[in-house]
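# Geometric and topological summary
So the chains spell out like this:
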Amino acid sequence: MLAVVITVAPLGFSNSYYYDVAVNAMFNAIVCVGLNLLIGYAGQISLGHAGFFALGAYGSALLTASWGLPPIAAMLISATVVGLLAFVVGRPILKLKGHYLAMATLGIGIIIHIVLKTEAKITGGPDGMSVDNFSLLGFTVMGDRMWYWVVGILLILTVWLALNLIDSPVGRALRAVHGSEVGAEVVGVDTSSYKVLVFVVSAVFASMVGSLFAHKNGFITPDIGSFMHSVELVVMVVLGGMASVFGALIGAVILTLLPQFLAVVEQYEAMILGAIMMGTMIFLPKGLLPSIVSAFKRREGGQ
Amino acid sequence: MFAAFLQYLFSGLTSGAIYALAGLGFAIIYNSSHVINFAQGEFIMIGGMATATMVAAGLPLPLAIALSMLASMMVGVALEKFAIEPARNSDVVTIIIITIGASIFLRGAAQILWDKEFHSLPAFSGETPIGVFGATLMPQSLWVFGVSGAVIVALWWFFNRTMFGKAMLGTSHNRLAAQLVGVGVKKVLLASFALSALLGAVGGVVVTPITFTNYEAGIMLGLKGFSAAVLGGLGNGGGAIVGGLIVGIAEALASGYLSSAYKDAIAFIIILFVLFFMPNGLFGKRGTDRV
Amino acid sequence: MSLLKVESLSKEFGGVHAIENLTFSVEPGDIHSIIGPNGAGKTTLFNLITGVYTPSAGRVLFQDRLVSGMKPYELAALGMSRTFQNLQIFFNMKAIENVMVGHHLHLDRRFLSSLLRLPKMRRADHECRDFCAGLMEFVGLAKYLDADAASMPYGALKRLEIARALAAKPRMLLLDEPAAGLNATESREIDEVIKKVASTGVTVVLVEHDMKMVMGISDYITALDYGRKLAEGTPAEVRANPEVVAAYLGAHA
């Protein structure tokens, strides 16, 4: 169904600006599907994932620009490094619970952001740096339309992988960690390893999308790693619906499109965004998609 | 050598005092409701901005301060009433997002109500630096120390010597028991938000002559206050004060001796180290999970 | 050879001895009950045996292997499985998925096969589902095969935990008050389930307040009071022990 939507949607796109917004929405959707494995399924919060996203972006930018590596290699190396970093910090951090975990992940995100902002000699500092096009085997991805199809395929692939994972022994173990850690432990689930695993996986997702984002945009600034961007990612997951692959996807799309609509009421944008965040969480604490689905179920059940 | 150290110490204590007030704000709300209020920094911003604009409009400083505190407390109460209370039984992530939503909302409102510029206040008692062993201390820093100290003493008195304060503490230890002996939990919640907002506003007012303020000033102050509270151990008032001072001093020393660019990172580096080894902060209770 | 040996085991919480110098052993194939008044340290003992707590002193041997200090998931791999007095159900999952998590150790747990859902894994998952459905029927939960765990009544959840623990194919199953909060009928049904489990060769260690049940199904009983062993023996012996009568049965009579 997702494939159909992605194929049909461009019929309504009258110019390349639409493609641009759609690509960004899909970028966010991929990150959120990964992040949702951590937050929605395994029940562990992270307020620092924009840091991993930014590391992927800067990793690709630096490796292609200064070392002349091909983009695909730069992307994979960055993702590996981010994965290792997530593994190293993940072990001690994921022993923490609730607010302490929120604090620790938030700290990691902020530290990454500050490093990117400060090491101006390498990263260009707050002024940002430019990045070349993405090319593979002599084929260059250029223009919003081409990016749209490439990212669309990647999104479908991501959703497929995520759906596979959730309905598998590993996925069930992850969800069990959310349900009851001790309950999972006594039937043989090594909960700390699984938490680290999903933390690493979601960080790698963020890093790879960061890399692609850098190539697509051609220019990056440290603010893609800011606390606010981490918050946005979490909001997308929670708004759309925790523990729902399509919920995360829908959340990402809505929250990417929202500023486009709010641009009309420019100066009220922040207030409206804040109000939407509060309102959804108060009235639909399970997120949009699960709430709608259960409303439908109730209706059918009633008849 | 010593003079420089002293200078850093003074500046660290000044910001540390503000972090401590913010940390206390987190602790008070956490104690009564187990909510981490990410909008705590916005109370500081509101206190500073409101006072600055009212003074600029010609109001006498004491009146402007009193009105700002009142305004901040009203925002705190409204936040509890309309955003936290309807979501009382939600999980941690949900409430985190609600309070972050509130902070974005308040920043947006501040940006419309005021503007995006930096605002300042005149120092309360002049700008003639006081020399102390070769270092200089601004009179406003003394105000910060004095007011923070007074607030802490007042809070201690409130929680240990007044009926309502004791009731609030009781609620934090055991909500059900408190309810059984007739403590109004709803009232306690409202009071904790009002009190935290007041603390924030006080901090915002006394520090504005030193640091200036704008609509975004609350973000970092709030996060540092959160670090202070976590460092001390969530829900531990004394811990939050110590945590705030540690963060402030470490930050000032690091920016003096190491690199000023990494000043803002210090708080988070400390907190990560502490949490690696002490998952409940410095003075937090170690819980054993009951199964 | 005893399946489980507990040797001079102690656990203190902030100076309070929850378990003090406790020694006993469990023979394979037995239904072995641990009884004692509230606060006697029964649940703490379970937590020590299954690795949820680490002992302050003493040792636990399982199949003649020193296991104290090991993590619960490692003990599960050695053949130990348990249920909880305070339910530890995965409420975010379906009932049958709860049981399938129990079968975790016997499945392909490699990340890549899960991610790609290779045909082999899909087949194995299918078999797992059938096996777990069988276990649910075994404990009397046939009508909850498609239910969400969150929508099930308390009594059913207690059985669900037993099914989940059985899915791990344990050699020893520890049940912490399986009949607590159940009505008489449900309690009798649980009783039957425990006997059925024991008849398949699984050793059962049982903490239970329902004395009728304990006396009826146990092969051996260890009585605790204030973390210490008060008495042990067959149900008849324990029932006749004056200290037990005074400390426990007496208090209730």
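Note that the structure is predicted; figures quoted are calculated from it, not measured.

Let us now look at the overall build of chain A. In terms of regular secondary structure, chain A is built from 14 helices and four strands. For 303 residues, the compact-globule formula gives about 19 Å, and the C-alpha radius of gyration of chain A, at 19 Å, lands near that figure. Here chain A, with 303 residues, has 58% of them falling under the buried criterion. Excluding contacts between residues fewer than 6 apart, the proportion of contacts in chain A whose partners are at least 24 apart in sequence is 77%. Carbon and sulfur atoms provide 69% of the accessible area of chain A, an area that totals close to 11800 Å². Averaging the coordinates of the 14 positive side-chain charges in chain A and doing the same for the 14 negative ones gives two points 11 Å apart.

Looking now at the sheet that holds strand β4 (residues 57-62) of chain C. All names here are of chain C. Taken in spatial order, the four strands line up as β2-β1-β4-β5 in an open sheet, and their pairing is antiparallel. On the outer flanks of this sheet lie β2 (16-26) and β5 (65-66), each paired with one strand and no other. Two strands pair when backbone bridges link them, and β4 and β5 are joined in this way by two bridges, in the antiparallel orientation. Within the sheet, the bridge partner assigned to Leu61 lies in β5 and is Leu66.

This next bit is on the interface of chain A and chain B. Each partner contributes residues to the interface: chain A has 42 residues there, and chain B has 46 residues. Between chain A and chain B, roughly 3700 Å² of surface is buried when both sides are summed, and carbon and sulfur atoms account for 85% of that area. When the area that chain A buries against chain B is broken down by residue, the three leading residues are His99, Tyr100 and Met103 of chain A, summing to 21%. Counting every contact that joins chain A to chain B gives zero salt bridges. The tally of links between chain A and chain B comes to three residue pairs in polar contact (both at pLDDT 80 or more). Looking at the side of chain A that touches chain B, the elements that each hand over two or more residues are α4 (71-93), α5 (98-118), α11 (227-240) and α13 (269-283) of chain A. It is α5 of chain A that provides the largest number of residues to the side of chain A that touches chain B, a total of 14 residues. Residue classes in the side of chain A that touches chain B are distributed as 34 nonpolar, six polar and two charged.

Our focus in this paragraph is the nonpolar core. Counting 149 residues, the largest nonpolar core has Leu47, Leu106, Leu155, Ile220 and Phe227 of chain A together with Phe38 and Phe268 of chain B as the members making the most contacts within it. Broken down by element, this core gets its largest block of residues, 15 residues, from helix α2 (residues 16-41) of chain A. Those residues in contact with Ile220 of chain A, other than ones at most four positions away along the chain, are Ala57, Tyr58, Ala61, Gly128, Met129, Val131, Phe213 and Ala214 of chain A. Membership of the second largest hydrophobic core comes to 41 residues, among which are Met100, Cys128, Ala163 and Ala167 of chain C.

Attention now goes to the sheet that holds strand β8 (residues 203-207) of chain C. All names here are of chain C. The strand order β6-β7-β8-β3-β9-β10 describes an open sheet built from six strands, whose pairing is mixed. Single-partner strands in this sheet number two, and they are β6 (80-82) and β10 (228-233). With direction set aside, neighbouring strand axes in the sheet form an average angle of 20°. Summarising the sheet, strand β7 (residues 172-176) and β8 pair through five bridges and their orientation is parallel. In the strand pairing of β8, Leu175 is matched with Leu206. Of the strands in this sheet, β3 (31-35), β6, β7, β8 and β9 (220-225) are in contact with helix α1 (residues 42-49), which crosses β7 at around 150°.

Thresholds, definitions, all that
By convention here, each chain's residues receive numbers from 1 onward along its written sequence. All chains are assigned letters beginning at A, and all ligands numbers beginning at 1, according to the order in which they are written. Predicted model: local features are reported for residues with pLDDT of at least 70 only, side-chain atom pairs are reported and counted for 80 or more only, and whole-chain, interface and lining totals are derived from all residues. Processing note: side-chain calculations cover all non-hydrogen atoms of the structure and skip hydrogens and water entirely. In this description a helix means any DSSP run of H or I spanning at least four residues, a strand means any run of E spanning at least two, and both kinds are numbered starting from the N terminus. Just to be clear, the radius of gyration here is over C-alpha atoms, and the globule rule we use is 2.2 Å times residues to the power 0.38. Exposed residues in this analysis have more than 50% of their type's maximum accessible area, buried residues have under 20%, and partly exposed residues fall in between, with area computed by a 1.4 Å probe over protein chains only. We call two residues in contact when some of their heavy atoms are within 4.5 Å. Here the accessible surface of atoms and residues is derived via Shrake-Rupley with a 1.4 Å probe, and residues count as covered only by protein chains that are part of the display. A positive count includes Lys and Arg, and a negative count includes Asp and Glu. His and the chain ends are not counted in either. Each charge is placed at NZ for Lys, CZ for Arg, CG for Asp and CD for Glu. Pairing between two strands requires that DSSP report at least two bridges joining them. Buried area: the accessible surface (1.4 Å probe) lost by two parts on joining, summed over both. For salt bridges, the criterion is a side-chain nitrogen of Lys or Arg within 4 Å of an Asp or Glu carboxyl oxygen. In protein, a polar contact requires one atom able to donate a hydrogen and another able to accept it; more generally it is a pair of N or O atoms within 3.5 Å, and residues adjacent in sequence count only if both atoms are side-chain atoms. All residues other than Ala, Val, Leu, Ile, Met, Phe, Trp, Tyr, Cys, Pro, Asp, Glu, Lys and Arg, Gly among them, are scored as polar; the first ten of these are nonpolar and the last four charged. What makes a nonpolar core is a set of buried Ala, Val, Leu, Ile, Met, Phe, Trp, Tyr and Cys residues whose side-chain atoms join them at distances within 4.5 Å. To get an axis, fit a line to the C-alpha atoms, keeping to the stretch in contact for a helix; angles then go from 0 to 180 degrees between the N-to-C directions.

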